[in-house]
Each structure stands twice: as C-alpha cells, then as structure tokens.
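Letter by letter, the chains look like this.
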Amino acid sequence: ALKTTIADGIHCIWLKSYDKSIHPAFYSSAQTDYQQRSRAFAAEFLAPAGLIQQRLSGDDIATEEVEELAAEFHVSTIVIEHQIRNHGLGRMSG
C-alpha cells in the first residue's frame, strides 16, 4: 500500500507539472477518472506490463504464476492481474 501511495504522489506531481490547471481537490465527478489514471500509473510504475509480458509462460496464466510475479515485483496479486487484463497479456486460468 505504501508503494502505491508513493506512486500516486509521483503521478500527481508529474501531472501537475505537466498541466498547472489540474488540482486533485477540484475533481468532483472527474475524480473517478483521476483515480483510474493514478492507479494505472502506479501499477505501471510498480509492475511494468512489458516486464510482466517477458516473464509470462504463455497465454493461459495460472494463479501460481500470478503469485510468483507478485512476489517478484513486491506487489499484490491484484496489481499483476490488473496489468495482465488491462494490457491484454493473457487469460487468467484460475
């Protein structure tokens, strides 16, 4: 959780340096979009999809493989599953 919080902070700093008009406190209904972008940034920062793809054994990904990747990247299995699904890296086979 701490690494995700740090990555979210980095994303916020990067986003604000890129677009000075953005401030998280001003997000109301757009907060969901901001949170989605922050979480995607954090996931990519902590467990890059390209590195996950290099380590996958094939298109069908077993729970054990997800657990091994999570341990390797020091993240939760949810982060690995998110990256696999969102980047179309394979199918979760249970």
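Below or above, wherever it landed, is the structure these notes cover. Please read these numbers as outputs of a predicted model, since none were measured by experiment.

The helix and strand inventory of the chain stands at 5 helices and 2 strands. Beginning at the N terminus, the succession of helices and strands in the chain can be written as α-α-α-β-α-α-β. Across the 94 residues in the chain, those meeting the buried criterion constitute 29%. Taking the contacts inside the chain whose residues are at least 6 apart along the sequence as the reference set, 59% of them involve residues at least 24 apart.

So, on to helix 4 (residues 63-73). Residues three or four positions apart in an α-helix share a direction because the helix packs 3.6 residues into each turn. When we look at burial in helix 4, the residues that qualify are Glu 65, Val 66, Leu 69, Ala 70 and Phe 73. All buried residues of helix 4 lie within an arc of 140 degrees about the axis, which places them on one face of the element. In helix 4, those exposed residues whose orientation departs by more than 90 degrees from the buried face are Glu 68 and Ala 71. At the exit of helix 4 stands His 74, carrying a positive phi of roughly 60 degrees.

Conventions adopted
Residues numbered from 1 in each chain as written. Predicted model: local features only at pLDDT ≥ 70, side-chain atom pairs only at ≥ 80, totals over all residues. Heavy atoms only, no water. Helix = DSSP H or I, 4+ residues; strand = E, 2+ residues; numbered from the N terminus. Buried < 20%, exposed > 50% of the residue type's maximum accessible area, 1.4 Å probe, protein only. Contact = heavy atoms within 4.5 Å. Arc of directions from axis to C-beta.

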